[in-house]
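Structural description and commentary
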Amino acid sequence: MRIFLTIYVLVIAVTVSILGFRGSLTEKEPVEVFNDMDRQAKYKPQAENAFYANGQNDRLPPKLTLSRGNALSVKEVFNPDFKAISSAEELLLSGKDVNGDFSDTFPYPVDFELMQYGQESYNIFCMTCHGVAGDGNGVTKPYGILATSYHDERLRTAPDGYIYDVITNGKGLMYGLKDRLSVKQRWAIVLYLRALQRSQNAPLESLSTTEKSELGL
Ligand code: HEC
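Just so it is clear, the structure is predicted and the values come from calculations on it, not from any experiment.

1. Digging into the pattern of salt bridges
Scanning all chains against the criterion turns up three salt bridges. Between Arg156 and Glu153 there is a salt bridge; the shortest N-O distance is 3.6 Å. On the criterion of helical spacing, the pair formed by Arg156 and Glu153 is a turn pair, its members being three residues apart in helix α6 (residues 153-157). On the accessibility criterion, Arg156 (25% relative accessible area) is partly exposed. In this structure, Arg194 engages Asp160 in a salt bridge whose closest nitrogen and oxygen atoms are separated by 2.7 Å. With Arg194 in helix α8 (residues 183-200) and Asp160 in helix α7 (residues 160-169), the pair connects residues that are 34 residues apart, well separated along the chain. An identical accessibility class is assigned to Arg194 and Asp160; each is buried.

Okay, here's the thing in structure tokens:
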């Protein structure tokens, strides 16, 4: 009986001490069985530091120096062959001209191969939502989310660079695809998207006389 009572009291004491303080706050330092990386010799941003004259951890860049390129692309910045980005590269990578406006210059020579590459990529990456003809008649339509039709006047007249930017960075509900599509592939899709727009809205004047007679016009 005595053993039973001892165990009984012990179990209650353990249960209360473990569960009874759930959610309560304490100012005391936690018990660290394995302290992992909680404590490291490092300077925290915007903290005090008696070592430097101004008493701050953060350092300003040395005088008369300029940061090179985009500090995030470390590989590029530390490459000895690094040169500032040219306007042609700017257009290729962001679809923008030197003034930062979306450009209507297409950065690749246009040929049938590029068009085919665009079609192939469009069918894999865009058709599900935007439909075969680019009219937004895709899988999201039944859920009331219309993937914008490319046949709006606004998108027909939008510069190529804008379409490239939508593919790269996304727009509204649409996610960006830069991690899945190469730069060339994105531009190829822009080209095919232009062909889709033309397919639904070709002006009669753009046809040759032979084409017109073939159509009986
Ligand atoms: C998961 C579905 C989905 C996929 C895949 C998708 N889109 Fe979209 N897209 C949308 C939706 C939804 C919108 C409307 C976004 C909004 O206005 O919120 C949209 C909008 C657009 C627009 C119009 C932007 C504007 O200014 O209104 C363009 C252009 C476009 N998509 C091109 C593409 C291209 C090219 C691809 C393939 C590389 C693609 N989309 C893949 C769903 C998708």
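So that's the structure; there's more coming.
2. Looking at a nonpolar patch on the surface
A cluster of nonpolar side chains, namely Met1, Phe4, Leu5, Tyr8, Val9, Ile12 and Val16, defines an oily patch on the protein surface of about 750 Å² accessible area. Looking at where Phe4 falls in the secondary structure, it is placed in helix α1 (residues 2-19).

3. Considerations on the coordination of the iron atom of the ligand
At 1.9 to 2.1 Å from the iron atom of the ligand lie its protein donor atoms, namely His130 (NE2) and Met174 (SD). For the iron atom of the ligand, the six donor atoms in the first shell make angles of 86 to 178 degrees at the metal, a pattern classed as octahedral. Of this pair, His130 sits in helix α5 (residues 127-130) while Met174 sits in strand β2 (residues 174-175), placing them 44 residues apart in sequence. With a relative accessible area of 9%, His130 lands in the buried category.

4. Notes on the site of the ligand
With respect to spatial proximity, 23 residues lie near the ligand, and among them Cys126, Cys129, His130, Tyr162 and Met174 are the closest. Those elements giving two or more residues to the shell around the ligand turn out to be α5, α6, α7, β2 and α8. Sorting elements by how many residues they give to the shell around the ligand places α7 first, with three residues. Of the residues that constitute the shell around the ligand, the class distribution is 18 nonpolar, three polar and two charged.

5. Regarding the nonpolar core
Within the largest apolar cluster, 22 residues are counted, with the highest numbers of intra-cluster contacts made by Tyr122, Tyr150, Ile163, Ile167 and Val190. Counting residues per element, the ones that place at least two in this core are α4 (112-125), α7 and α8. Counting residues per element, this core draws most heavily on α8, at eight residues. Those residues in contact with Ile167 that sit more than four places away from it in its chain are Met174, Gly176, Leu177, Lys178, Leu181, Arg186, Ile189 and Val190.

6. A few points about the packing of aromatic side chains
Within this structure, the stated rule accounts for seven aromatic pairs. Consider the rings of Phe102 and Tyr162, whose centres lie 5.6 Å apart with planes at 80 degrees: the pair is edge-to-face. Note that Phe102 is positioned in the loop between α3 (87-94) and α4 and Tyr162 in helix α7, a separation of 60 residues in sequence. In this structure Tyr162 comes out as buried when scored by relative accessible area, which is 16%. Three or more aromatic residues link up through ring pairs in this structure, and these residues are Phe106, Tyr164 and Trp187.

What counts and what doesn't
- Residues numbered from 1 in each chain as written.
- Predicted model: local features only at pLDDT ≥ 70, side-chain atom pairs only at ≥ 80, totals over all residues.
- Heavy atoms only, no water.
- Salt bridge = Lys/Arg side-chain N within 4 Å of Asp/Glu carboxyl O.
- Helix = DSSP H or I, 4+ residues; strand = E, 2+ residues; numbered from the N terminus.
- Buried < 20%, exposed > 50% of the residue type's maximum accessible area, 1.4 Å probe, protein only.
- Patch = residues over 30% accessible without salt bridge, like charges linked within 9 Å, V, L, I, M, F, W, Y side chains within 5 Å.
- Areas by Shrake-Rupley, 256 points an atom, 1.4 Å probe, with all protein chains shown as cover.
- Donors = N, O, S within 2.8 Å, 3.2 Å for Na, K, Ca; no water.
- Tetrahedral: all angles 85-135°; square planar, octahedral: opposite > 155°, others 65-115°.
- Near = heavy atom within 4 Å.
- Nonpolar A, V, L, I, M, F, W, Y, C, P; charged D, E, K, R; others polar.
- Core = buried A, V, L, I, M, F, W, Y, C linked by side-chain atoms within 4.5 Å.
- Contact = heavy atoms within 4.5 Å.
- Phe/Tyr/Trp six-rings, centres within 6.5 Å; stacked < 30°, edge-to-face > 60°.

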